[in-house]
Amino acid sequence: MTIKVRNAMKNVSIFSMLLLFFISCSDDELNSVDAGFINNLNFVTDTIYSEITFSSEDVLSVQSTTAGQYLLGVYNEPSLGTLSSSFVSQLALPADIYSYSEDLETGYSVESSLDDVVLYIPYQATVTEVNENGLYLYELDSIYGIKIDDLTYESFDLEVHELETFLNPLDPSDPSKPSVYYTDQEYVVTGNGSALNGSLAAVTYTPSALDTVTEINRVIGGELVTESISLTNNAPRMAIHLDKVFFENQILKKLPIKGEDIPSEFLSQGSFSRYFKGLFVKTTSTEAASMLSLLLTNAYVELYYTNTIKDIANQVDQEIAESMRFSFGGVRASQYKHYREVPKEMDKMYVQGAAGSLTNIKILGFNGDPAVISPELDDLRTMSNDEDGNPLWLINEANLQLYVDDDFLTTSVDKVSKLFLYKRVQDKDAMSLYNSQLLDYLTAANISGIEGDLLEDDNGYYYKFRLTDYITNLLDGSTTTNIDNLGLKIYNSGDYPRSNTDTIVGSASWDPRGVVLYGGIDESKKPVLEINYSYQKIAEE
């Protein structure tokens, strides 16, 4: 049949016009073309099924300073192992650094004493109800792992440390560029706290949508006063009480009052970041629990203190409840620690985010050498073009469909709703240079048609990727372009191109979930590339 098609199509003008029509259509227009249109032009439609090869590999680290979200906690996927995640962050110097900002009368003095210090990190949460009393009720978003009930997740151990490592915002080797921190970076801590392991706090933390109120105790006028602190609309957040002695000595007692010179440690953000280098919020447990994905843009440390004003006779004139906020700012970075207890099977594909694992996929017989055109691709180019390189085939659709492994489904903790397919661009020695967008992502009028959503049919759950434009370009008779090594990873926000010139795929990843895909020989689930194409029939003589 192939030879017959090639020899019959000496005049390709009609086909070329048809091809031009399809190229000029948007994706939505192309999908709406009636199959009868092709049939009426004496065309035949056929399908090729090409087996793929694959291999999975562990990801050792990814960039974390460009991450939009930061993970905290312990996540276990039985088929993939355990991930423990922590993060570091600098603190921003407040605009008003005075512990007392009013003018004092001559001979009066101020003494500041710390009542409490709390680290607040708002959860990502959705309002589920506003009750009859106007109270907002929530459920947590972007949290993974073991769920205790509708509002609460499994607890994990964490410590909060003062950093000894300086988080340099600029690359020391080239100060014109920002520093890049990776998820396997190690950090040194001071051990100056009074809690476990010299930390500023050591707690067993239980994430809950009910974490909405923090009580702060002060003594004012000899009376115990309790303040209930909450966010706007009672939004849930982490609240961790930190070492009062440390913050009183290292921060509060060093702050000036109005009229005094500002100490060198607080003169600028740069000097403060060298004096107090930041916090290391460190997960210390490794047992299966839960993991939060946090924005950190609105996280902060709040100092609650009381200013006691004394008169010229050193008698108490008044006591004023105060607070000062040190927001998270400057450099932030994640740290991932993977415990890969489960060996990978050769006939399965393993994909996990947050520096877990990815799968390399090779199509059309590509052997991984960029300099070698596979016999399968060479044959397809010969079949799909005439002797002058003019196209004989119209590629209607090319799809890669990958089924979820049944064994994985019996033990999986969370479903992965989306995977992402991309090119792993190589140099002439087959070394990876960078990750790039597939042409179909750049040309699609509607990304949803190719985005790798989790779907289901009679054979089970699967992910489907459209490669129509990519395959069309590969089979172009005028090109010598080779097949790319394709990478498959967990979709991460920001992976899609923002324009047709946004071709680079970043490495940042903060979704800890994973999936195992079927790679066996069952015909109903076997991973194959499906190419549906049309060609003009031979006129009967």
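Along each chain, numbering runs from 1 in the same order as the chain's sequence is written. Totals for whole chains, interfaces and linings use every residue, but because this is a predicted model, local features are given only for residues with pLDDT of at least 70 and side-chain atom pairs only at 80 or more, for both listing and counting. Side-chain numbers here rest on the full set of heavy atoms in the structure, without hydrogens or water.

Peer 1: I keep staring at the overall build of the protein and nothing clicks. Help me out?
Peer 2: The helix and strand labels rest on DSSP assignments: H or I over at least four residues marks a helix, E over at least two residues marks a strand, and numbering proceeds from the N terminus. Of the regular secondary structure elements, the protein holds 10 helices and 29 strands. Each radius of gyration reported is based on C-alpha atoms, and the globular scaling rule is 2.2 Å times the count of residues to the power 0.38. Computed over its C-alpha atoms, the radius of gyration of the protein comes to 30 Å, more than 25% above the 24 Å expected for a compact globule of 541 residues. If you line up the protein on its principal axes, its C-alpha atoms span 120 × 50 × 45 Å. Of the roughly 25,300 Å² of accessible surface on the protein, 48% is carried by carbon and sulfur atoms. The protein chains shown are the only cover counted for residues, whose accessible areas, like all others here, come from Shrake-Rupley with a 1.4 Å probe.

Peer 1: Which parts of the structure should I look at to understand the confidence of the model for the protein?
Peer 2: Regions with low pLDDT should not have their predicted coordinates read in detail. Along the chain, pLDDT gives the predictor's confidence residue by residue, from 0 to 100. Averaged over all residues, the pLDDT of the protein is 89; the fraction at 70 or higher stands at 91%. We call two residues contacting when some pair of their heavy atoms lies within 4.5 Å. A low-confidence stretch, residues 1–17 (pLDDT under 50), is modelled with 29 contacts involving residues beyond four sequence positions or located in other chains.

Peer 1: Is there a simple way to explain unusual backbone geometry in this structure?
Peer 2: Glycine aside, negative phi is the norm for most residues, and most peptide bonds take the trans geometry. Positive phi outside glycine occurs at S142, with the angle close to 50 degrees. Inspection of the secondary structure puts S142 in the loop between β7 (136–140) and β8 (143–145). The phi angle at L364 is positive, at roughly 55 degrees, despite the residue not being glycine. Relative to the helices and strands, L364 resides in the loop between β21 (357–362) and α7 (375–384). A simple rule labels every residue: compare its accessible area, found with a 1.4 Å probe on the protein chains alone, to the largest value its type can have, and call it buried under 20%, exposed over 50%, or partly exposed in between. With a relative accessible area of 1%, L364 lands in the buried category.

Peer 1: Any chance you could explain the pattern of salt bridges here in plain terms?
Peer 2: Between side chains of opposite charge, pairing is possible as soon as their charged atoms come close. Put simply, a salt bridge is a Lys or Arg side-chain nitrogen that is within 4 Å of an Asp or Glu carboxyl oxygen. Under the criterion given, the structure shown has 20 salt bridges. E227 is the partner of R218 in a salt bridge, and the nearest nitrogen-oxygen pair spans 2.6 Å. Residue R218 is classed as buried on the basis of its relative accessible area of 3%. Residue K525 is joined to D406 by a salt bridge in which the shortest nitrogen-to-oxygen separation is 2.9 Å. With a gap of 119 residues between them, K525 in the loop between β28 (514–518) and β29 (528–536) and D406 in helix α8 (residues 406–411) connect regions that are remote in the sequence. One network of salt bridges, in which partners are shared, links E345, K348, D405 and D407.

Peer 1: How should I be thinking about the nonpolar core in this particular structure?
Peer 2: Note that soluble globular proteins tend to have their nonpolar side chains buried in a common cluster. Take the buried residues of types Ala, Val, Leu, Ile, Met, Phe, Trp, Tyr and Cys, join any two whose side-chain atoms come within 4.5 Å, and each joined set is a nonpolar core. Among the nonpolar cores identified, the biggest contains 109 residues, and F247 and I471 are the most heavily contacted of them. Of the residues forming this core, the biggest block, five residues, is contributed by strand β3 (residues 70–77). Excluding residues within four positions of it along the chain, I471 makes contact with I363, L364, A398, L529 and I531. Judged by nonpolar contacts, the second largest core, of eight residues, contains L163, Y181, Y187 and V331.

Peer 1: Looking at this model, I keep getting lost on the sheet that holds strand β1 (residues 43–51). Mind explaining?
Peer 2: Think of a sheet as strands paired side by side through backbone hydrogen bonds, with each pair either parallel or antiparallel. Pairs of strands are assigned from DSSP output, requiring at least two bridges between the strands. The five strands lie next to each other as β1-β29-β22-β26-β25, forming an open sheet whose pairing is antiparallel. Bordering the open sheet on either side are β1 and β25 (454–457), each of which pairs with just one other strand. Neighbour-to-neighbour, the strand axes of the sheet open up by a mean angle of 30 degrees, direction not taken into account. For helices, the fitted line uses only the C-alpha atoms of the stretch in contact; every axis is such a line through C-alpha atoms, and the angle between N-to-C directions lies from 0 to 180 degrees.

Peer 1: Just to check I follow, could you spell out the environment of Y98 for this structure?
Peer 2: Here Y98 lies in the loop between β4 (81–91) and β5 (109–122). Along the sequence, Y98 and E260 sit 162 residues apart, while their C-alpha atoms lie 8.8 Å from each other. With residues near it in sequence (within four places) discarded, Y98 still touches P256, I257, K258, G259, E260, I262, Y305 and M324.

Peer 1: Explanation requested: the side chain of S285 in the structure shown.
Peer 2: Relative to the helices and strands, S285 is located in the loop between β16 (279–283) and β17 (290–294). A distance of 3.0 Å separates a polar atom in the side chain of S285 from the backbone nitrogen of D157. Look past the residues within four positions of S285 in its chain and what remains in contact with it is V74, S84, F156 and D157. Here a polar contact means two N or O atoms within 3.5 Å. Within protein one must be a hydrogen donor candidate and the other an acceptor candidate, and residues neighboring in sequence count only if both atoms are side-chain atoms.

Peer 1: I keep staring at the pairing of β25 and nothing clicks. Help me out?
Peer 2: The two faces of a sheet get side chains in turn, since along a regular strand they alternate between them. Of the pairings in the sheet, the one linking β25 to strand β26 (residues 460–466) comprises four bridges and is antiparallel in character. Residue pairing for β26: D457 is matched across the bridge by G460.

Peer 1: Could you clarify how one ought to interpret the environment of D453 in this entry?
Peer 2: Note that D453 resides in the loop between α9 (439–443) and β25. Separated by 34 residues in the primary sequence, D453 and L419 have C-alpha atoms spaced 6.7 Å apart. What D453 contacts, discounting residues up to four positions off in sequence, is S417, K418, Y462, Y463 and K464.

Peer 1: I tried to follow the packing of aromatic side chains on my own but got confused; where do I start?
Peer 2: Centre-to-centre distance and the angle between the planes together describe a pair of aromatic rings. Only Phe, Tyr and Trp rings are paired, with Trp represented by its six-membered ring, and only when their centres lie within 6.5 Å; those with planes under 30 degrees apart are stacked, over 60 edge-to-face, the remainder tilted. As enumerated under the stated definition, the model contains 21 aromatic pairs in all. Between F272 and F326 the ring centres are 5.8 Å apart and the planes differ by 25 degrees, which places this aromatic pair in the stacked class. Here F272 is found in helix α6 (residues 269–275), whereas its partner F326 is found in strand β19 (residues 316–339), with 54 residues between them in sequence. Per residue, the accessibility class of F272 equals that of F326, and both read buried.

Peer 1: In this structure, what is going on with α7? I would like to understand it.
Peer 2: Residue pairs spaced three or four apart in an α-helix point in one direction, given the helix's 3.6 residues per turn. What α7 keeps buried is the set L377, L380, R381, M383 and S384. Here the buried residues of α7 occupy an arc of 165 degrees about the axis, which is enough to place them on one side. In this description, one arc is meant: the one made by directions from the helix axis to the C-beta atoms.

Peer 1: Where do I start with the side chain of K348 in this structure?
Peer 2: With respect to the helices, strands and loops of the structure, K348 is situated in strand β20 (residues 348–352). Polar side-chain contacts of K348 include one of 3.4 Å to the side chain of D405. Apart from residues lying up to four places away in sequence, K348 is in contact with F54, S56, D405, D407, V516, L517 and G519.

Peer 1: Would you mind showing me how to read the environment of L151 here?
Peer 2: Position of L151 among the secondary structure elements: in the loop between β8 and β9 (156–162). Each C-alpha atom, one on L151 and one on Y138, is 8.1 Å from the other, the two residues being 13 residues apart in sequence. Other than its neighbours up to four places away in sequence, L151 contacts Y138, L140, P207, S208, A209 and L210.

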